[in-house]
Amino acid sequence: MENATHPRITFGRLPDVSPREILAHMSDPRIAEHLPLLGSAKWDSDTVSSFVAAKEAYWHRDGLGHWAICANGRYAGWGGFQKEGEEWDFGLVLKPEFFGLGLRIMKMAIAFARTDARVPSMTFLLPPSRKHLRALDRLGARFVGETAYNGEPFRKYQLDIR
């Protein structure tokens, strides 16, 4: 059923999203609160181009990468898989008006991963600013420890999907 409270979620590719949409999304200060890797750099059209190219490079390198996520045809954010060593990390960055769709999108990504033999498990890196972690518990993810990524601290969770 497709409506405002239960929108139809689709996965596309970031190059198909207007760079202005991505720029507005990634420039929103509410996003920066939970993205320590975003840094203090001001986003502009060059930053967006580099960001999209970097995310697309994962598709070319690994055959999986980050999707543009749409709700009822509107860009809702981005998320997907990034191979880190032997692990598949899953990240999700939604526009604030779509924050409530996170668990549903994660379940869709898990269902997708279960059909891909390359992905036996998924990891999730969450910054210390994230306090509401019950969704990961409900999905069956387990806390595996603290880690640093590009010098920033994260809590690492793992979900076995096989």
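What counts as what
- Residues numbered from 1 in each chain as written.
- Predicted model: local features only at pLDDT ≥ 70, side-chain atom pairs only at ≥ 80, totals over all residues.
- Heavy atoms only, no water.
- Salt bridge = Lys/Arg side-chain N within 4 Å of Asp/Glu carboxyl O.
- Buried < 20%, exposed > 50% of the residue type's maximum accessible area, 1.4 Å probe, protein only.
- Helix = DSSP H or I, 4+ residues; strand = E, 2+ residues; numbered from the N terminus.
- Polar contact = N/O pair within 3.5 Å; in protein donor to acceptor, adjacent residues only side chain to side chain.
- Contact = heavy atoms within 4.5 Å.

## Observations regarding the pattern of salt bridges
When their charged atoms lie close together, side chains carrying opposite charge are able to pair.
Move 1: Enumeration over the complete set of coordinates arrives at 8 salt bridges.
Move 2: Here Arg 118 makes a salt bridge to Asp 116, at a shortest N to O gap of 2.6 Å.
Move 3: On the basis of relative accessible area, Arg 118 is assigned to the partly exposed category, the value being 40%.
Move 4: The network of salt bridges with common partners includes Glu 21, Arg 74, Lys 95 and Glu 97.

## Points about the side chain of Lys 156
Move 1: Looking at the element boundaries, Lys 156 is found in strand 7 (residues 152–160).
Move 2: Here Lys 156 falls in the buried class, since its relative accessible area comes to 19%.
Move 3: A polar atom in the side chain of Lys 156 sits 2.6 Å from the side chain of Glu 87.
Move 4: Contact partners of Lys 156, with chain neighbours within four places excluded, come to Glu 87, Thr 123, Phe 124, Leu 125, Arg 142, Phe 143, Val 144, Gly 145 and Thr 147.

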